[in-house]
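Fold and geometry: a report
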Amino acid sequence: MDEFKIKVARIEAATPNSKGDRVRITFQVERDPLVFQIPILLEMKEFDDTEMVKVARNELHRTFDELTTQTAKWTLSVEDIQQLSSINLRPKT
């Protein structure tokens, strides 16, 4: 299986909130045939321009780490997948 290609797709101003101006750094994640984008919002006053991408990468990692934790119970063993495959109820054409 190929590795994911992850790149910064966009950096743009986001709608300010009560804390002030924000920036949206959007990452594009690719591995054929899958392509999707994930926006990360940061408070502009907290970081300078050179730090923002590093902090956004950290937030992206934390997001995927949280997703891994939340979906761990969805993991199927090889035996589970084989069992599900063997009970396929779709009509044969």
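Residues numbered from 1 in each chain as written. Predicted model: local features only at pLDDT ≥ 70, side-chain atom pairs only at ≥ 80, totals over all residues. Heavy atoms only, no water.

1. Some thoughts on the sheet that holds strand E2 (residues 20-31)
Our working definition: Pairs of strands are assigned from DSSP output, requiring at least two bridges between the strands. Starting at the N terminus, helices and strands are each numbered in turn, a helix being any DSSP run of H or I of at least four residues and a strand any DSSP run of E of at least two. Lines fitted to the C-alpha atoms define the axes, with helices restricted to the stretch that makes contact. Angles between their N-to-C directions range from 0 to 180 degrees. By definition in these notes, contact holds between two residues if any of their heavy atoms fall within 4.5 Å.
Judged by pairing direction, the sheet is antiparallel, and its three strands sit side by side in the order E1-E2-E3 without closing on themselves. Pairing within the sheet leaves two strands with one partner each, and these edge strands are strand E1 (5-17) and strand E3 (34-43). On average, each strand axis in the sheet is tilted by 20° relative to the strand beside it, whichever way the strands run. Alignment of E2 against E3, held across 10 bridges, turns out to be antiparallel. Note on E3: the bridge partner recorded for Thr-26 is Pro-39. With respect to the sheet, helix H1 (residues 49-71) is in contact with E1, E2 and E3, its orientation differing from that of E3 by roughly 120°.

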